[in-house]
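Geometric and topological summary
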Amino acid sequence: MALALVLVPLAFAAAAAAMPSQKWRPWLLPACGTVHLALTILALGRPDVAAIGGWLKLDDLGRLVLAVVSVLFFACSLYAPSYLALRTERSNRVFVPCLLVFLAMTSLIVESQHLGLMWVAIEATTLACAPLLHFNHHARSIEATWKYLLIGSVGVALALLGTFFLAYAALRAGLGSSLFFADLVREAPRLSRPWLHAAFVLLFVGYGTKMGLAPMHTWKPDAYGEAPGIVGTLLAGALTSCAFLALLRFFQIAAAGGEAEFARQLMIGIGLFSMAVAGVFMARQRDYKRMLAYSSVEHMGILVLGIGIGGLGVFGSLLHLVNNAVTKGVMFLSAGNIHRAYGSKSTEDVRGALRRLPFSGALFLAGFFAVTGSPPFAPFLSEFTIVRAAMTQGHAVVGALFLLMLAIVFIGMGGAVLAVVQGEPPEHEPEGFRDRLGTVAPIALLMAIVVLLGVYVPPSVGALVSNAAAFVEGRR
Amino acid sequence: MQVAVDPLLVVLLLVNFFLLGTSRLRALISGSASQGALLALLVLSVHGGITLQAALIALATIALKTIVIPAMLTRALRDAAIHREIEPVIGFVPSLLLGGLGTGLSLVFARTLPLAPEHAGSLLVPASLATAFTGFLLLATRRKAITQVVGYLALENGVFVMGLTLVEAMPLFVEIGVLLDLVVAIFVMGIIIEHISREFSSIDTTRLSSLKE
């Protein structure tokens, strides 16, 4: 089971690479998405999923992130055939296999219990994403890919250095330096403190770059701005969640080794800084896809902030991981539709999306209210939980700043979103794109999840999140 | 064989300065290739003899870092028809001085980290940090895409040297996985460089400036 979650997408990727038909190749995506989702549901139902002598194992945190990745990929895979049918001018011979390799590698990250193996999988996602970002093959997409590749690789190289530091700390403590997660957490109190400290800083910077926390976020607006909607969704929803999972693994080791206070302060500081940077750059943003990238920076800040606050904040942060991923799917896919219809990403050219694309426009608007934390949508619940945690656990100033940033982001983002959806559409129609079932239904599915989780958290989802929170805090 | 480790590391540090000081791109690529060969020798001497794992890793390192990657970079250089790094953000002499400063600071910082008895007094940790710092400097201050790739390689080499302290600990297939990821990364970068030079008729990354706030 654990192995199948990685090998099945790889087999589909090989099939996609071998398949000669440009027209039928995209249909492998929904096929693989469905199989992967079914495997995930089966795996979540079992108490113990492991393979290769404990190298791969689904723990409580892994279960949560795997569920998020699988659902998000499923929705994207339903959207992909209709999207690629509109892009027949570009070959999808590389695009489709890379998406499937991406799914395999994210599953591998989630399941790895060996930190070296996890690093290999994370670097592999960086590489699988490069051709995805470069799909459009124009000057701007080359620029975005180059920046993404270079900054991402440097970040991941620093994370490798941090992983080696951690292994050395274990070696020096006479543990024969194992890089198995469970061993390191158990033996953390015996690890050498200076090495542990240096390792955590390097790993935070490295995987923080991958997550897109400010000030390591500079690749993000370029990459998300130029990426096709599906790729934006998978980067902002799935890959960032996996990078966050990696960060949490090291947070757990650092906390068990007596560095919890330092780690939490670092996370609160960087979390608030990310939110502030996002607020500043969103204020007069004219490119609505870059705006979504800054929204992602903001939400990554919220995730680490929740962990930094601790206690109830950890639960809020992990719930927000789910909500952020699903909401980002709504935003990126509907923004992709609007981009297709108008041929422009600038709020100066795009007006009246509600008229020209009634469904995509409405979903984009609803997604905006959801992503900025308005009730009754799901992110409201998780953001409220984090604020409550801050207020009741002696971080009143942090809570107040958090609310202030949310308000700034709401205003900044609102200006751009309303400019896009309201008004009269311009006369000429560059591409003649219209809403159709294949490009709207997957977004509506994600929106339905956002609304459902906002009004009622099903017990199974609640248990998934609270188990993961207990796991991160070392209570499970 | 252990005695050879420190002299090899000193040569590695000297190559770092060569990378920082040269403006000819071909020399830069040769410097990077020679670092690959040094790393392979280091693997053998740290393992203290020719074990199967050491031989495999050393062979893979030579094959990738001394042959495959430099060949790919040389081809990219020929296709783009350029020879020199011109107008770096920081001049060559200041970047040499910065490199010297970084090496000194690495020595000081490594002192503050407690070492295991078998590594006491060894240059492995400071050499690792200094090489990684050199890579950073090249990445941040040079404009040609190829120089940036060489910078990334130097950064990776620094991390690799740190990995040498863990030879007994790292499973073989994780090390091979790391090397494989590296070569794929350089391969993908090579493809993108080709696209850059076709699209912009240059591999000067300062032309990549249409995306900004």
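The structure presented is a predicted model; accordingly, all values stated were derived computationally and were not measured. (Residues numbered from 1 in each chain as written. Chains lettered and ligands numbered in written order. Predicted model: local features only at pLDDT ≥ 70, side-chain atom pairs only at ≥ 80, totals over all residues.)

Further remarks concern the overall build of chain B. From N to C terminus, chain B includes seven helices and zero strands. Ordering the α and β elements of chain B from the N terminus gives α-α-α-α-α-α-α. Computed over the C-alpha atoms, the radius of gyration of chain B is 17 Å, within 12% of the 17 Å expected from 2.2 N^0.38 for a compact globule of 213 residues. Seen along its three principal axes, the alpha-carbon backbone of chain B occupies a region of about 55 × 35 × 30 Å. (Helix = DSSP H or I, 4+ residues; strand = E, 2+ residues; numbered from the N terminus. Rg over C-alpha atoms; globule rule 2.2 N^0.38 Å.)

A count of helices and strands for chain A gives 19 helices and two strands. The C-alpha radius of gyration computed for chain A amounts to 21 Å, which stays within 12% of the reference 23 Å derived for 476 residues, consistent with globular compactness. By the burial criterion, 63% of the 476 residues in chain A qualify as buried. Of all intrachain contacts in chain A linking residues separated by at least 6 positions in sequence, the fraction that spans at least 24 positions is 80%. (Buried ≥ 20, exposed ≤ 12 C-beta atoms within 10 Å, placed from the backbone. Contact = placed C-beta atoms within 7 Å.)

Next up on the list: the interface of chain A and chain B. With 35 residues of chain A at the contact, the number on the chain B side is 35 residues. Residue assignment for the side of chain A that touches chain B shows that the elements contributing at least two residues are α5 (115-133), α6 (139-172), α8 (193-211) and α9 (219-226) of chain A. The biggest single contributor to the side of chain A that touches chain B is α6 of chain A, with 19 residues. Looking at the side of chain A that touches chain B residue by residue, the classes come out as 23 nonpolar, seven polar and five charged. (Nonpolar A, V, L, I, M, F, W, Y, C, P; charged D, E, K, R; others polar.)

Before going further, it helps to spend a moment on the environment of Ala 51 of chain A. Residues and elements named next belong to chain A. Considering the arrangement of structural elements, one finds Ala 51 in strand β1 (residues 50-51). A count of 17 C-beta atoms within 10 Å places Ala 51 in the partly exposed class. Separated by 60 residues in sequence, Ala 51 and Glu 111 have C-alpha atoms that sit 9.5 Å apart. Residues contacting Ala 51, with those up to four places away along its chain left out, are Ala 2, Leu 3 and Leu 56.

All names here are of chain A. Cis geometry marks the peptide bond from Ala 214 to Pro 215, where omega comes out at 0°. Mapped onto the fold, Pro 215 is located in the loop between α8 and α9. Note the cis peptide between Pro 375 and Pro 376, where omega equals 5°. Along the chain, the position of Pro 376 falls in the loop between α15 (358-371) and α16 (378-392). For Ile 52, which is not a glycine, the phi torsion comes out positive at approximately 40°. Topologically, Ile 52 is positioned in the loop between β1 and β2 (56-57).

A few words now on the confidence of the model for chain B. A low pLDDT score tells you not to read the predicted coordinates there in detail. A residue-level look at chain B finds 97% of positions with pLDDT of 70 or above and a mean pLDDT of 86. For this predicted complex, the interface confidence score (ipTM) comes to 0.93, while the overall pTM stands at 0.95. (pLDDT = per-residue confidence, 0-100.)

For the rest of this paragraph, the subject is the packing of helix α13 (residues 312-342) of chain A against helix α18 (residues 437-455) of chain A. All names here are of chain A. For the pair α13 and α18, the least separation of the axes is 9 Å and the interaxial angle reads 150°. It follows that α13 is roughly antiparallel to α18 by the angle criterion. Handedness of the crossing formed by α13 with α18: left-handed. Facing α13, whose interface residues are Asn 323, Val 326, Thr 327, Gly 329, Val 330, Leu 333, Ser 334 and Asn 337, α18 presents Thr 439, Pro 442, Ile 443, Leu 446, Met 447, Ile 449, Val 450 and Leu 453. (Axes fitted to C-alpha atoms, helices over the stretch in contact; angles between N-to-C directions. Parallel < 35°, antiparallel > 145°, perpendicular 65-115°, else oblique. Left-handed = near helix turned anticlockwise from the far one by under 90°.)

Moving on to helix α4 (residues 95-111) of chain A. The end-to-end C-alpha separation of α4 of chain A is 25 Å, in line with the 24 Å expected for 17 residues at 1.5 Å each. Of all 17 residues in α4 of chain A, 17 are buried, a share of seventy percent or more. (Expected span 1.5 Å × (residues − 1).)

Residues and elements named next belong to chain A. Mapped onto the fold, Gly 301 is located in helix α12 (residues 288-309). By the C-beta count within 10 Å, which is 29 here, Gly 301 ends up buried. Leave out the neighbours within four places in its chain, and Gly 301 touches Leu 213, Gly 271, Leu 272, Ser 274, Met 275 and Ala 278.

Here we come to the packing of helix α1 (residues 5-21) of chain B against helix α5 (residues 124-141) of chain B. Residue and element names in this part refer to chain B. Packing of α1 against α5 brings their axes to within 10 Å, and their N-to-C directions diverge by 10°. Classed by the angle they form, the pair α1 and α5 counts as roughly parallel. Judged by the sense of rotation from one axis to the other, the crossing of α1 with α5 is left-handed. Together, Leu 9, Leu 12, Leu 13, Asn 16, Leu 19 and Leu 20 of α1 and Leu 124, Ala 127, Ala 130, Thr 131, Thr 134, Leu 137 and Leu 138 of α5 make up the contact between the two elements. Residue composition of the contact of α1 with α5, grouped by class: 10 nonpolar, three polar and no charged.

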